[in-house]
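# Geometric and topological summary
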Amino acid sequence: VVGNHVGFNLDSDKLHFGTIPPGNYADRDIFLTSKKKSRIYISVEDIDFVYPSVNNFIILPGEKKKITMLASVAGNAKLGLYKGKIKTPA
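Along each chain, residues carry numbers from 1 onward, in the same order as the chain's sequence is written. A pLDDT threshold of at least 70 governs which residues receive local features in this predicted model, and a stricter bar of 80 or more applies before side-chain atom pairs are shown or counted, although totals over entire chains, interfaces and linings include all residues. Each side-chain value is worked out from all heavy atoms of the structure, with water and hydrogens disregarded.

### Considering the overall build of the protein chain
For the protein chain, the count of helices and strands is zero helices and seven strands. Helix and strand labels come from DSSP, where a helix needs a run of H or I of at least four residues and a strand needs a run of E of at least two; each type is numbered from the N terminus. Mapped from its N terminus to its C terminus, the protein chain presents α and β elements in the order β-β-β-β-β-β-β. Partly exposed residues are those whose accessible area sits between 20% and 50% of the maximum for their type, while under 20% is buried and over 50% is exposed, using a 1.4 Å probe and protein chains only. Across the 90 residues in the protein chain, those meeting the buried criterion constitute 21%. Expressed as a percentage of contacts within the protein chain between residues at least 6 apart in sequence, the contacts between residues at least 24 apart total 61%. Note that accessible areas follow from Shrake-Rupley with a 1.4 Å probe, and for residues the cover is restricted to the protein chains shown. Accessible surface, the protein chain: about 7,100 Å² in total, of which carbon and sulfur atoms supply 52%. In what follows, a contact means two residues having at least one pair of non-hydrogen atoms within 4.5 Å.

Printed below as a string of structure tokens:
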């Protein structure tokens with residue numbers, strides 16, 4: 001909610017958490033699939049307070065794995081726009 005407006009960002013190529021006041025958190029679900037058995041390690045670059053609910057796991061061919069990405073903002077965090085990258089093995 002911004003002012004009297006509620007906004008949604010439905011981009012499929014980005015993970016948006018919206019505005020999170022310091023000392024609070026938000027989460028977003030992502031789904032991973034693979035055509036082959038793979039070890040998955042999720043890394044987050046440039047943002048210290050975003051992390052996956054599970055990490056370093058095996059995904060089987062055709063499996064659909066739900067991962068919750070958590071953004072937990074410290075109480076002393078400075079207000080601003082934070083950007084980073086989420087990476088998994090190719």
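### Focus on the sheet that holds strand 1 (residues 25-33)
Ordered by their spatial adjacency, three strands build an open sheet running 1-6-4, and the pairing between neighbours is antiparallel. On the outer flanks of this sheet lie strand 1 and strand 4 (50-52), each paired with one strand and no other. Neighbour-to-neighbour, the strand axes of the sheet open up by a mean angle of 25°, direction not taken into account. Two strands are said to pair when DSSP picks up at least two bridges between them. Relative to strand 6 (residues 64-72), strand 4 runs antiparallel, the two being bridged by three bridges. The residue bridging Tyr51 from the neighbouring strand is Leu70, located in strand 6. To get an axis, fit a line to the C-alpha atoms, keeping to the stretch in contact for a helix; angles then go from 0 to 180 degrees between the N-to-C directions.

### Focus on the confidence of the model for the protein chain
In predicted models, pLDDT denotes the confidence assigned by the predictor to each residue on a 0 to 100 scale. In this model, the protein chain carries a mean pLDDT of 85, and residues with pLDDT of at least 70 account for 84%. Note that residues 1-6 has pLDDT below 50 and, in this model, one contact with residues that lie over four places away or in other chains.

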